[in-house]
Amino acid sequence: MIHPEFREPVRAILLDIEGTTTTIAFVHETLFPYARRRLAAFLARHGSDPAVLADLAALREEHAADAPLGPPPLPEGDLAAVPYLHWLMDLDRKSTPLKSLQGAIWREGYRAGDLKSEIFPDVPPALARWRAQGRRICIYSSGSVLAQQQLFAHTTAGDLTAAFSNYFDTRIGPKRAPESYAGIAQELALPPAEILFLSDIAEELQAAHQAGLQTALSIRPGNAPQTPLPFAPEVAGFDEVFPVKRYPV
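Source: prediction; values computed, not measured.

Chemist: Give me the packing of helix 3 (residues 82–90) against helix 4 (residues 96–112): which residues, what numbers.
Modeler: Angle between the axes and distance between the axes are the two parameters that describe a pair of packed helices. In contact at an axis separation of 11 Å, helix 3 and helix 4 are set at 100 degrees when each is read in the N-to-C sense. The angle between helix 3 and helix 4 falls in the class roughly perpendicular. Of the residues in helix 4, those touching helix 3 at Leu85, Leu88 and Met89 are Leu98, Leu101 and Gln102. Residues belonging to the contact of helix 3 with helix 4 are distributed by class as follows: five nonpolar, one polar and no charged.

Structure representation (structure tokens):
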């Protein structure tokens, strides 16, 4: 079934990850605990790396802003950041430096063979079909671009990174802010109405809709119930959003 609500042309398909391409269980029961267990050892090994130092500096700025919430202290020293990072994890905070550090830890895990990404079985054939039609496929996730690339490079279906033209993370803006989606449209050099965004979170779809994007609500096993949205048809699989015409990139 192809939903008639989608208006052609759709020249780019923007995908969320968790609950859209990938099971929520894999993210919360495998990826997050893996990074948490290895955080201290990672900082001990890489605390002087420029990228890690930049993340730690950004964390200190966040910590200062979090002062009214009573976060754990953040004294000087690489490992001193661990309690605050755990605190952010417990809050499921979409912190850019936290996500950057998690992505670096997961990269080590993928390379070591400890991790293999679990994706829904309809994802690889859909990516191939969309590409064959000339549609651009992009990812927008609160996880870092590095984490996104590693996830799709090491899936149970093989390396899928060739399918994607662009990756966006919180550096473009929060996922519940319309300005973020306007920024994505600008970077893709496309009218917002020619971009279709798929997510399992109603608030993200609301923000994308306000920016002028087309939207669809991903209904996958394990996803939390969402408020129905008149502008975001519910889709249980990628075949339901597969457009039929061919458009040049």
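Chemist: Explain the packing of aromatic side chains to me, and be specific about the residues and the numbers.
Modeler: What the rule picks out here adds up to seven aromatic pairs. Plain terms: the ring middles of Tyr84 and Trp87 are 5.7 Å apart, the flat faces sit at 25 degrees to each other, and that makes the pair stacked. Separated by three residues within a single helix, Tyr84 and Trp87 lie in helix 3, roughly one turn from each other. By relative accessible area, Tyr84 is classed as buried at 0%.

Chemist: Can you tell me about the environment of Arg45, naming the residues and giving the values?
Modeler: For Arg45, the position within the fold is in helix 1 (residues 24–46). When the C-alpha positions of Arg45 and Arg176 are compared, they lie 35 Å apart, and in sequence the two are 131 residues distant. Polar contacts involving the side chain of Arg45 include one to the side chain of Glu108, which spans 2.6 Å.

Chemist: Run through the pairing of strand 4 (residues 195–199), naming residues and quoting values.
Modeler: Two faces belong to every sheet, and in a regular strand the side chains alternate between them. The element strand 4 is extensively covered by neighbouring structure, given that five of its five residues are classed as buried. Of the two faces of strand 4, both are covered, the one formed by Ile195, Phe197 and Ser199 as well as the one formed by Leu196 and Leu198. Taken together, the four bridges between strand 4 and strand 5 (residues 214–218) define a ladder with parallel strand orientation. Residue pairing for strand 5: Leu198 is matched across the bridge by Ala216. Running through helix 8 (residues 202–210), the crossover from strand 4 to the neighbouring parallel element strand 5 is right-handed.

Chemist: Could you give an account of helix 6 (residues 145–153), with specific residues and numbers?
Modeler: Taken together, the buried positions of helix 6 are Ala147, Gln148, Gln150, Leu151 and Phe152. The secondary structure elements touched by the buried residues of helix 6 are helix 1, helix 4, strand 2 (136–140) and strand 3 (166–168).

Chemist: Explain the side chain of Arg135 to me, using residue names and the numbers behind them.
Modeler: Residue placement: Arg135 occurs in the loop between helix 5 (123–132) and strand 2. The class of Arg135 is buried, set by a relative accessible area of 3%. Within the local environment of Arg135, its side chain forms a polar contact with the backbone oxygen of Val10, the two atoms lying 2.3 Å apart. A distance of 2.7 Å separates a polar atom in the side chain of Arg135 from a polar atom in the side chain of Gln133.

Chemist: Describe the nonpolar core, listing the residues and the values that go with them.
Modeler: By size, the foremost hydrophobic cluster in this structure holds 53 residues, and its most contacted members are Leu15, Leu43, Leu85, Trp106, Leu127, Trp130 and Phe164. Looking at this core element by element, the count peaks at nine residues for helix 1. Counting 21 residues, the second-largest nonpolar core is a separate cluster that includes Phe168, Ile184, Ala185 and Leu229.

Chemist: Talk me through the sheet that holds strand 5; I want residue IDs and the actual numbers.
Modeler: A sheet is described by the order of its strands in space; here six strands give the open sequence 3-2-1-4-5-6, paired in parallel fashion. Strand pairing shows two members of the sheet lacking a second neighbour, strand 3 and strand 6 (234–235), which therefore form its edges. With four bridges joining them, strand 1 (residues 12–15) and strand 2 adopt parallel strand pairing. Note that in strand 2 the partner of Ile13 across the bridge is Ile137.

Chemist: So what's going on with the side chain of Asp169? Residues and values would help.
Modeler: On the secondary structure map, Asp169 appears in the loop between strand 3 and helix 7 (178–188). At 3.0 Å, the side chain of Asp169 forms a polar contact with the backbone nitrogen of Val145. Residue contacts for Asp169: discarding those within four places in its chain leaves Tyr140, Ser141, Gly143, Ser144, Val145 and Gln148.

Chemist: I'd like a rundown of the pattern of salt bridges, residues and numbers included.
Modeler: Enumeration over the complete set of coordinates arrives at twelve salt bridges. Here Arg45 ties to Glu108 by a salt bridge, and the two come within 2.6 Å at their closest N and O atoms. Of this pair, Arg45 sits in helix 1 while Glu108 sits in helix 4, and the two are 63 residues apart along the sequence. A network of salt bridges, in which partner residues are shared, links Asp16, Lys175 and Glu204.

Rules used in this analysis
- Residues numbered from 1 in each chain as written.
- Predicted model: local features only at pLDDT ≥ 70, side-chain atom pairs only at ≥ 80, totals over all residues.
- Heavy atoms only, no water.
- Axes fitted to C-alpha atoms, helices over the stretch in contact; angles between N-to-C directions.
- Helix = DSSP H or I, 4+ residues; strand = E, 2+ residues; numbered from the N terminus.
- Parallel < 35°, antiparallel > 145°, perpendicular 65-115°, else oblique.
- Contact = heavy atoms within 4.5 Å.
- Nonpolar A, V, L, I, M, F, W, Y, C, P; charged D, E, K, R; others polar.
- Phe/Tyr/Trp six-rings, centres within 6.5 Å; stacked < 30°, edge-to-face > 60°.
- Buried < 20%, exposed > 50% of the residue type's maximum accessible area, 1.4 Å probe, protein only.
- Polar contact = N/O pair within 3.5 Å; in protein donor to acceptor, adjacent residues only side chain to side chain.
- Pairing = 2+ DSSP bridges.
- Right-handed = clockwise from strand over helix to strand, strands pointing away.
- Core = buried A, V, L, I, M, F, W, Y, C linked by side-chain atoms within 4.5 Å.
- Salt bridge = Lys/Arg side-chain N within 4 Å of Asp/Glu carboxyl O.

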